[in-house]
Amino acid sequence: MSTIAFIGLGHMGGPMAANLVQAGHRVIGFDLVPAALEQARIDGLELADSAGQAAAAADVVITMLPNGKLVLDVYGEVLQAARPGTLFIDSSTIDVADAKAAAELAASAGHRALDAPVSGGVAGASAGTLAFMVGGGDEDFEAARPLLEIMGAKVVHCGGAGVGQAAKICNNMVLGISMIAVSEAFVLGEKLGLSHQAFFDVASNASAQCWSLTSYCPVPGPVPTSPANNDYEPGFATALMRKDLGLAANALRVNGIDGRLGLLAAQIYEQFGEQHADRDFSAIVTDIRHRSEE
Ligand code: NAD
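Conventions we followed
Residues numbered from 1 in each chain as written. Predicted model: local features only at pLDDT ≥ 70, side-chain atom pairs only at ≥ 80, totals over all residues. Helix = DSSP H or I, 4+ residues; strand = E, 2+ residues; numbered from the N terminus. Contact = placed C-beta atoms within 7 Å. Core = buried A, V, L, I, M, F, W, Y, C linked by C-beta atoms within 7 Å. Buried ≥ 20, exposed ≤ 12 C-beta atoms within 10 Å, placed from the backbone. Domains from an automatic or database assignment. Near = placed C-beta within 6 Å. Nonpolar A, V, L, I, M, F, W, Y, C, P; charged D, E, K, R; others polar.

1. A look at the environment of Asp244
Counting through the fold element by element, Asp244 comes out in helix α11 (residues 238-254). Spatially, the C-alpha atoms of Asp244 and Ala51 are 26 Å apart, while their sequence positions differ by 193 residues. Asp244 has contacts with Thr93, Ile169 and Asn172, leaving out every residue within four places of it along the chain.

Here's what the structure looks like:
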């Protein structure tokens, strides 16, 4: 049994921490929001008065926070409080540069650190079926693996510090671009007299086949479980896609990559997110249709 400090008990962190408790670990939680703390107490976590207090008692510190600035702020507090050699696992989705900075800060304070962002959303966090993409050293990865396997169904060691975040933003850049591409094809098909189902039947068995089409189809009908059938309730909210594409666009720029589609996808979701942050990201098809009618 490990003693785990879990900092950030929101939509994702709350159920992830609950799964660690269910597996028999001692989990000490901290969040700024009273409702999150109350749910954590119901889920069997011990509660701390501060992130530092949670970390001081732990072998492992897991953070699940909204952005890189907060991760670095929290690390600034907890690294001093933690016992030497504590294993830090940050599962937030943050900039690669911030992830590397967090790992360096942890190492210089005498600790071990991994970046371990996830995909799978709130449903995956609750079911313990997240996919973890991990950056950091081999030994630290092996030490973290049993905990990650409680919270996830797939755990991949991608490389050194920051490379887990690199996998996350590369994957979500493809996802954002492919959702726009599939949506444009459906709207073009509408204008050309091609039904949604006919296009789906062709493309899902042809070279346009991809997850955005076959698992998460942006128009209602062909894939009954996709958010399009539920008035674009998320699912994966546009606000999160906007954030992830912003991180990808930043990485493209910083690294001098000629990533025109990634940059354009970031711009498209930036605009769409101004009005529709709470809708599923596949609702981009409604925006493309609307703009095509103007
Ligand atoms: P959330 O906003 O629901 O939860 C974040 C929690 O962090 C909140 O409860 C907030 O009060 C807490 N927090 C903020 N600052 C804090 C601090 N200084 N100390 C302690 N707690 C603090 O967000 P979420 O949906 O759980 O997402 C968390 C991370 O996971 C994000 O980086 C997000 O991009 C990533 N992610 C989310 C999803 C998803 O579907 N929601 C999927 C994959 C990855």
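That covers the picture; the talk isn't over yet.
2. A closer look at the nonpolar core
Counting 93 residues, the largest nonpolar core has Ala5, Phe6, Ala17, Ala54, Ala58 and Val61 as the members making the most contacts within it. Of the residues forming this core, the biggest block, 11 residues, is contributed by helix α8 (residues 163-191). If you count residues domain by domain, this core takes at least three from each of domain 1 (3-160) and domain 2 (166-293). Filtering out sequence-adjacent residues up to four positions away, Ala5 remains in contact with Ile28, Ala54, Ala55, Ala58 and Val61.

3. Some details on unusual backbone geometry
Residue Gly235 follows Pro234 across a cis peptide bond; omega there is 20°. Following the sequence through the fold, Gly235 ends up in the loop between α10 (211-214) and α11. Despite not being glycine, Asp231 has its phi angle at roughly 50°, a positive value. You can see Asp231 is positioned in the loop between α10 and α11. Looking at Asp231, the number of C-beta atoms within 10 Å reads 10, which means it is exposed.

4. Quick notes on the site of the ligand
Around the ligand sit 27 residues in total, of which Gly8, Gly10, His11, Met12 and Thr93 are the nearest. For the shell around the ligand, the secondary structure elements donating two or more residues are α4 (68-81), β7 (118-119), α6 (121-127) and α11. A class-by-class count of the residues in the shell around the ligand yields 17 nonpolar, 8 polar and 2 charged.

Any functional reading would require information beyond the geometric quantities listed.
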